[in-house]
Amino acid sequence: MLYRHFGKPIFFKMDPEKAHHLVIGGLNKSALVPGGSAAMRLMYGVPETADMAVDLFGLHFPTPVGLAAGLDKNAEAVGGFSSIGFGFMEVGTVTPKGQPGNDSPRLFRLLPDEALINRMGFNNEGAEAMAERLKALKKRRIPVAVNIGRNKATPNETAHEDYRKCIRTLYPYGDFFVVNISSPNTPDLRSLQHGSELSNLLAEVKEEMAIQRNKSGIAKSLLVKIAPDVSDSELEFMVHTLSEAGVDGVIATNTTLSREGLTSEKAGETGGLSGKPLRDRSTDIIRSIYRQTGGKLPIIGSGGIFSSQDAYDKIRAGASLVEIYTALIYEGPEVNRRLHAGLRQLLRRDGFSHILEAVGADHH
């Protein structure tokens, strides 16, 4: 209620990107103030419960709801986000070299549709800067995934070198890694999802992960984030390639280029759409992946989750974990407690004693 009545009216009068930076800066500073993290946990934290904690990718997730990539691009506010009820978070997308991204304005609120359009373009300070921030974190309350991409100036032919550089720089500091080949805001990036380009890229990235694993003695999981704007046959080929390459999981999905059903006057802005309009498509993609792999390829469901029912639909379709982004902007940090409580009620209603029992339940 605090955010809805006080925070949101202020933030939504501001330019979206300025509000974004204000939130990141505030969360960062709150975590650095003595007692700040404890105060945030008291206000917004989600106590771990046995029925909702998930062990996956060799990691412990205190709740199944995480923060999607794109909000904390430079790992500036890991302490803050860790204190407001998330079970894990992605930082990034990070590229080997820092880059400014696309020209502003590049982030838009579609209020009637409860959605966002962004064309940020992987604006970030680079892998070295992120490594320094993550290295400086004394304690980590939740798993942190590093979402990696290629620089805008890097052609697809040598994209694998950018992904390998990110892994080399950040391997000691990320708990798991996500290959982003599905942002619509970097020219030609999405073509890396298809054909031999995908299998060649994954072979390179897997090789680098193996080198770093052998060097450190610590195995870390590799996931791939895919786009919702694919045909059934493209998705089938993509999932087959991911399975053959031996990746550890998939995040479904990134933002969409579709504008179907939108009513906002900002619907014509170019960029990736997130929020409620993406909900059903991302759930359909999850369902298809689970069906094709027989539930053997773990899925993190992302796209349009605003309610516990939205999250539960993705879990029943086949997602073991879920992520939010746009809902946090519209609903504020209270959203995590609401999602957690609602999911527990839905589990009990359906006779499940643990969240993982519901994963893929629609297929059984």
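Residues numbered from 1 in each chain as written. Predicted model: local features only at pLDDT ≥ 70, side-chain atom pairs only at ≥ 80, totals over all residues. Heavy atoms only, no water.

**Describing the overall build of the chain**
And step 1. Counting its regular elements, the chain contains twelve helices and 15 strands.
And step 2. Here the chain has a C-alpha radius of gyration of 19 Å; the compact-globule value for 364 residues is 21 Å, and the two agree.
And step 3. Expressed along its principal axes, the backbone C-alpha trace of the chain runs to roughly 50 × 45 × 45 Å.
And step 4. When each of the 364 residues of the chain is scored for burial, the buried share is 59%.
And step 5. Within the chain, counting contacts between residues at least 6 apart in sequence, those at least 24 apart form 74% of the total.
And step 6. In the form shown here, the chain has an accessible surface area of approximately 15,000 Å², with 53% of it arising from carbon and sulfur atoms.
And step 7. For the chain, the distance from the average position of its 43 positive side-chain charges to the average position of its 42 negative side-chain charges is 6 Å. (Helix = DSSP H or I, 4+ residues; strand = E, 2+ residues; numbered from the N terminus. Rg over C-alpha atoms; globule rule 2.2 N^0.38 Å. Buried < 20%, exposed > 50% of the residue type's maximum accessible area, 1.4 Å probe, protein only. Contact = heavy atoms within 4.5 Å. Areas by Shrake-Rupley, 256 points an atom, 1.4 Å probe, with all protein chains shown as cover. Lys, Arg positive; Asp, Glu negative; His and termini not counted. Charge placed at Lys NZ, Arg CZ, Asp CG, Glu CD.)

**Focus: the packing of helix 2 (residues 16–32) against helix 3 (residues 36–44)**
And step 1. Packing of helix 2 against helix 3 leaves a shortest axis separation of 5 Å and a crossing angle of 115 degrees. In terms of orientation, helix 2 and helix 3 fall into the roughly perpendicular class. Each of Leu27, Ser30 and Ala31 in helix 2 lies in contact with helix 3, whose residues at this interface are Gly36, Ser37 and Met40. (Axes fitted to C-alpha atoms, helices over the stretch in contact; angles between N-to-C directions. Parallel < 35°, antiparallel > 145°, perpendicular 65-115°, else oblique.)

**Focus on helix 9 (residues 279–293)**
And step 1. A rise of 1.5 Å per residue sets the reference length of helix 9, with its 15 residues, at 21 Å; its end C-alpha atoms lie 22 Å apart and thus fit the reference within 8%.
And step 2. The complete set of buried residues in helix 9 reads Ser282, Thr283, Ile285, Ile286, Ile289, Tyr290 and Thr293. All buried residues of helix 9 fall inside an arc of 155 degrees around its axis, so they share one side.
And step 3. Contacts made by the buried residues of helix 9 are with strand 11 (221–226), helix 8 (232–245), strand 12 (249–252), strand 14 (299–302) and helix 10 (308–317).
And step 4. Following helix 9 by one or two positions, Gly294 has its phi on the positive side, about 60 degrees. (Expected span 1.5 Å × (residues − 1). Arc of directions from axis to C-beta.)

**Details of the side chain of Gln99**
And step 1. Mapped onto the secondary structure, Gln99 falls in strand 5 (residues 97–99).
And step 2. With relative accessibility at 12%, the residue Gln99 sits in the buried group.
And step 3. Among the polar contacts made by the side chain of Gln99, one reaches the side chain of Asn151 at a distance of 2.8 Å. (Polar contact = N/O pair within 3.5 Å; in protein donor to acceptor, adjacent residues only side chain to side chain.)

**Things to note about the nonpolar core**
And step 1. Phe81, Tyr163, Ile226 and Ile289 are the most contacted members of the largest nonpolar core, which has 102 residues in total.
And step 2. For Tyr163, the residues in contact, after removing those within four places along its chain, are Ile148, Gly149, Arg150, Val179, Asn180, Ile181, Leu189, Leu192, Leu201 and Val205.
And step 3. One finds Phe108, Leu110, Ala115 and Leu262 within the second-largest nonpolar core, a separate group that totals seven residues. (Core = buried A, V, L, I, M, F, W, Y, C linked by side-chain atoms within 4.5 Å.)

**Considerations on the sheet that holds strand 13 (residues 272–275)**
And step 1. Spatial ordering of the open sheet is given by 6-7-13, a layout of three strands whose pairing is antiparallel. Either end of the sheet is taken by a strand with one partner, and the two such strands are strand 6 (107–110) and strand 13. The mean inter-strand angle of the sheet, taken between neighbouring strand axes irrespective of direction, is 25 degrees.
And step 2. Bridge analysis of strand 7 (residues 115–118) against strand 13 gives four bridges, and the strand direction is antiparallel. Bridged to Ile117 within strand 13 is Leu273. (Pairing = 2+ DSSP bridges.)

**As for the side chain of Gln212**
And step 1. Assignment of secondary structure puts Gln212 in helix 7 (residues 195–216).
And step 2. Taking the relative accessible area as the measure of exposure, Gln212 reaches 7% and is therefore buried.
And step 3. Among all residues touching Gln212, those that are not within four sequence positions of it are Ile167, Arg168 and Tyr171.

**Observations concerning the environment of His363**
And step 1. Assignment of secondary structure puts His363 in the segment after helix 12 (335–349).
And step 2. Accessibility expressed as a relative area gives 27% for His363, which makes it partly exposed.
And step 3. Here the alpha-carbon distance between His363 and Lys73, two residues 290 residues apart in the chain, equals 36 Å.
And step 4. Residue contacts for His363: discarding those within four places in its chain leaves Arg287, Tyr290, Arg291, Arg316 and Ala317.
And step 5. Here the side chain of His363 touches Ala317 through a polar contact of 2.8 Å, landing on its backbone oxygen.

**Let's talk about the packing of aromatic side chains**
And step 1. This structure, assessed with the given rule, holds eight aromatic pairs.
And step 2. Ring centres of Phe81 and Phe86 lie 6.3 Å apart, and the angle between their planes is 65 degrees; on these two criteria the pair is classed as edge-to-face. Take Phe81 and Phe86: they sit in the same class, and that class is buried.
And step 3. A network of ring pairs unites the aromatic residues Phe57, Phe61, Phe88 and Phe176 as a single cluster.
And step 4. Note that Lys220 overlies the ring of Tyr171, its terminal NZ or CZ placed 5.0 Å from the centroid.
And step 5. Note that Lys276 overlies the ring of Phe306, its terminal NZ or CZ placed 5.1 Å from the centroid. (Phe/Tyr/Trp six-rings, centres within 6.5 Å; stacked < 30°, edge-to-face > 60°. Lys NZ or Arg CZ within 6 Å of the ring centre and 35° of its normal.)

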